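This is what each chain is made of:
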Amino acid sequence: GGGGGGGGGGGSVLDLFPDRVARDEKKTYVVQEQREFAGEKVTVEKKVEVGSEEDLRRKRAPKKSNLDSLLESLEGKGGSSRLNTKAKTAYDWDKFKEKEKLEDELSEYRKDGFIEKQKFLARSDARRDELLREDRVKERSARRSQGGAA
C-alpha cells in the first residue's frame, strides 16, 4: 500500500482559505428526482439551501406513500415530473459547471457582465437627473432673489 504523498501538490483553494470558504458556504442538501425527458427517465439532482423557499415548501408538502407513488406512475401523471428543454438545459449547464469547477471563474467574470453594466448606467442616469434637478432649483432661487431685489 502507498503511504500517501507528503505535502501533495494537488491542494485545493479550500486548503488555502478555509475560513473564507466556511463562512461563505451555505448549508444545502441534495434532492434526487426522477423526471421524464424526451421519453426517457432522467435523474435530476438539485441542491436545496436549508431555510430557502423550496426547502420550506418541501417540508410543508404532505409525504406521499409508496401506494400514492405507484398509482401516479400507473396513471401516467407526469405533469410535474416532466422535464422541459429549458429546465433540462439549465440542469445540464449546472452539472457541467460543477464538473469542470467553473463556478468561481464565472462568478469572477460575472461582475463585469451585462446586468451589472445596466445597473451602473441606471445609477449614473439617476445621479445625473438628481444633479440637473439641483441646478434647476438653484437657478430658480437665484432668479427669485434677483427678481425680488430689482
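Check the entry above for the structure.
Conventions and cut-offs
- Residues numbered from 1 in each chain as written.
- Predicted model: local features only at pLDDT ≥ 70, side-chain atom pairs only at ≥ 80, totals over all residues.
- Heavy atoms only, no water.
- Helix = DSSP H or I, 4+ residues; strand = E, 2+ residues; numbered from the N terminus.
- Buried < 20%, exposed > 50% of the residue type's maximum accessible area, 1.4 Å probe, protein only.
- Contact = heavy atoms within 4.5 Å.
- Areas by Shrake-Rupley, 256 points an atom, 1.4 Å probe, with all protein chains shown as cover.
- Patch = residues over 30% accessible without salt bridge, like charges linked within 9 Å, V, L, I, M, F, W, Y side chains within 5 Å.
- Salt bridge = Lys/Arg side-chain N within 4 Å of Asp/Glu carboxyl O.
- Lys, Arg positive; Asp, Glu negative; His and termini not counted.
- Charge placed at Lys NZ, Arg CZ, Asp CG, Glu CD.

**Q** Please give an account of the overall build of the protein chain that cites residues and values.
**A** Along the backbone of the protein chain there are 7 helices and 2 strands. Order of helices (α) and strands (β) in the protein chain, N terminus to C terminus: α-α-β-β-α-α-α-α-α. A buried classification covers 8% of the 150 residues belonging to the protein chain. Here the contacts in the protein chain between residues at least 6 apart in sequence split such that 34% fall between residues at least 24 apart. Looking at the protein chain as shown, the accessible area adds up to about 13300 Å², and 53% of this sits on carbon and sulfur atoms.

**Q** An account of a positive patch on the surface is needed here, citing residue identities and associated values.
**A** A cluster of basic residues, R133, R136, R140 and R144, forms a positive patch at the surface. Structurally, R140 is set in helix α7 (residues 114-149).

**Q** How would you explain the pattern of salt bridges if you had to name every residue and give the values?
**A** Summed over all chains, the structure comprises 9 salt bridges. A salt bridge links D94 to K97; the nearest nitrogen and oxygen atoms lie 3.5 Å apart. Here D94 and its partner K97 are both found in helix α5 (residues 85-100), 3 residues apart, which amounts to about one turn of the helix. Of the charged contacts, one joins E130 and R127 as a salt bridge, the two residues approaching to 2.9 Å between their closest N and O atoms. With E130 and R127 both in helix α7, this residue pair falls 3 residues apart, about one helical turn. Residue class for R127 comes out partly exposed when judged on its relative accessible area of 42%. Taken together, the shared-partner salt bridges in this structure form one network comprising D94, K97 and E103.

**Q** Help me get a handle on the side chain of K88, residues and values and all.
**A** Inspection of the secondary structure puts K88 in helix α5. With residues up to four places along the chain from it excluded, the contact list for K88 reads F37, V42 and L83.

**Q** Describe a nonpolar patch on the surface, and please don't skip the residues or the numbers.
**A** A cluster of nonpolar side chains, namely L67, L70, L71 and L74, defines an oily patch on the protein surface of about 410 Å² accessible area. With respect to the secondary-structure elements, L70 resides in helix α4 (residues 66-75). Of the residues examined, L70 reaches a relative accessible area of 45% and is grouped as partly exposed.

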